[in-house]
Amino acid sequence: MSDIAASILVIDDEPDLRTLYELTLLREGYRVETAESVQEARAALQAQRFDAVLTDMRLPDGLGLDLLHELRAQQRPERCVVITAHSSAENAVEALRAGAFDYLSKPVDLKQFRAVVASAVHRPAPAASATPGRGARGTGGREAEARLADPASALAQLVGESPAMRAVKQNILKVAKGMAPVLVQGESGTGKELVARALHACSHRADGPLIAVNCGAIPDNLLEAEFFGARKGSYTGATQDRNGYFQAARGGTLFLDEIGDLPLAMQAKLLRAIQERRVRPLGSTQEEPVDVRIVSATHRDLAQEVPAGRFRQDLYYRLNVIEIHLPPLRERREDLPALCEVLLERIAAETGCAAPQLSAQFFEQLARLPLTGNVRELENQLHRALTLSEGQQLSLDAAAPDPLSAAPVAAAGDHAAADAAPLPHDLQAWLDQQERDILVRALHEMGFNRTATAARLGISLRQIRYRIARLNITAPHDSDAADNTDPLA
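Residues numbered from 1 in each chain as written. Predicted model: local features only at pLDDT ≥ 70, side-chain atom pairs only at ≥ 80, totals over all residues. Heavy atoms only, no water.

A few words now on the overall build of the protein chain. Of the regular secondary structure elements, the protein chain holds 22 helices and 15 strands. Within the protein chain, buried positions represent 48% of all 489 residues. In the protein chain, of all internal contacts separated by at least 6 residues, the share reaching a separation of at least 24 is 72%. Entry remark: accessible area of the protein chain is about 23,700 Å², with carbon and sulfur atoms responsible for 51%. (Helix = DSSP H or I, 4+ residues; strand = E, 2+ residues; numbered from the N terminus. Buried < 20%, exposed > 50% of the residue type's maximum accessible area, 1.4 Å probe, protein only. Contact = heavy atoms within 4.5 Å. Areas by Shrake-Rupley, 256 points an atom, 1.4 Å probe, with all protein chains shown as cover.)

Within the secondary structure layout, Lys269 lies in helix H12 (residues 264-276). For the pair Lys269 and Glu224, spaced 45 residues apart in the sequence, the C-alpha separation amounts to 8.2 Å. Filtering out sequence-adjacent residues up to four positions away, Lys269 remains in contact with Glu224 and Phe228. Here the side chain of Lys269 touches Glu224 through a polar contact of 3.0 Å, side chain to side chain. (Polar contact = N/O pair within 3.5 Å; in protein donor to acceptor, adjacent residues only side chain to side chain.)

Moving on: the packing of helix H20 (residues 427-445) against helix H22 (residues 461-470). Two elements in contact, H20 and H22, have axes whose closest approach is 11 Å; the angle formed by their N-to-C orientations is 115°. Remark: the crossing between H20 and H22 carries left-handed chirality. Contact residues: Asp432, Glu435, Leu439 and Leu443 in H20; Ile464, Arg467, Ile468 and Arg470 in H22. Class assignment of the residues belonging to the contact of H20 with H22 gives a composition of four nonpolar, no polar and four charged. (Axes fitted to C-alpha atoms, helices over the stretch in contact; angles between N-to-C directions. Left-handed = near helix turned anticlockwise from the far one by under 90°. Nonpolar A, V, L, I, M, F, W, Y, C, P; charged D, E, K, R; others polar.)

What follows is about the pairing of strand E1 (residues 7-11). Counting buried positions over the five residues of E1 gives five, a clear majority of the element. As defined by bridge partners, E1 adjoins strand E2 (residues 31-35) across five bridges and the pair is classed as parallel. Counterpart to Ile8 in the pairing with E2 is Val32. Remark: the E1/helix H1 (residues 15-27)/E2 crossover connection has right-handed handedness. (Pairing = 2+ DSSP bridges. Right-handed = clockwise from strand over helix to strand, strands pointing away.)

What follows covers the nonpolar core. One finds Phe227, Phe246, Leu254, Leu256 and Ile259 to be the most contacted residues of the largest nonpolar core, which totals 32 residues. Listed by contribution, the elements that provide at least two residues to this core are strand E10 (210-214), helix H10 (223-228), helix H11 (245-248), strand E11 (253-257), H12 and helix H14 (313-319). With 30 residues, the next largest nonpolar core counts Ala198, Leu210, Ile322 and Leu326 among its residues. (Core = buried A, V, L, I, M, F, W, Y, C linked by side-chain atoms within 4.5 Å.)

Given below as structure tokens:
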């Protein structure tokens, strides 16, 4: 923060609360002006500029949202924090969608109040020291943190200048400045984590940690401890206090990947943590405040999961304040040349080979591929072609066809054969056999590594474990070792 104290306008019609907010902020070293109505607030805003505006939702002569809309229409720089009635989720979501930087729920917790104001005036809060646990991926390393903190570099990771990708990047720049939760939706392999990293890098929290969590990779019985932390002795093996993902991401961004894979019981606990901004570590009787921005992602259609009873409606509306949709690769094929160039440079650097030239024939071959696995499949195809091709010209003919991509195309183009096929007498057994065949093919391709196979098929590790057990699929040399030693353990 600069030597000049930040100035804040507090708007509330209740004298006691207005005085409480004013005294709290004065003790923090801020310059404070107060107003008790929309009219007084407009006069104060006309007289000077502020670093932040704190306003109650309902005022005697109007709504705090009216002021928010006016600030946005005038392109004023003040960040606005809206104070809503207790448990008023609809008002909070409405405020965030209207462009509020953040919101507070009554009765206001003063520790949380100070943290939100510090964020609004861009005074970075100290990040909690914690080691990310199972399923977490931190930014890690000074070089990586510096790279991620550069907005231009983070946006450059989203390769492509098609209209769809330009719209994605514009949305990132637009919503990164606030605290509204963001839901990134897109098929598996489209680059949802890159969007989350770009959102973090372009936000005022870029100096804080980014903790990425794969919700589908955490065993059910460890979810609460991993998310909220645990106290010594709270469960077998808990020999010391440890922080969870929420504490590790304090002052930064918590990215919840594959949020649709969370079981319903954990969804309820996550909802409370997001709504109250407080978590209770396992084995503790006290809640502690947390200061994180939530970005979540899924390849599932949560709008369809809600009526099916697999995802809580209240959590869906909490997470889906702002939605960013990542288009599949087949809808932005004009980005293929740029993507191929970047991916080949990376593959060549990893393998120590020279990056080959890309011919018009190569792109004609690429255009015939359905690329249902999106960028992940494209990288797989390029890696295979680079390994098997001879000379400087890269050719996809040298790579074996991908059975998982080819199978749906062949099936779609052979309606006559499908119509002529006899109907199964036992539909469930027939479907099980089809599923088993696909799983076995995918497992063979991935060397019987379940984690890689689950990612290839766009399902969670928990789901593939269940299917392998249900369909009685075994590895060629079955044992009880872990994934890294024996792929199907």
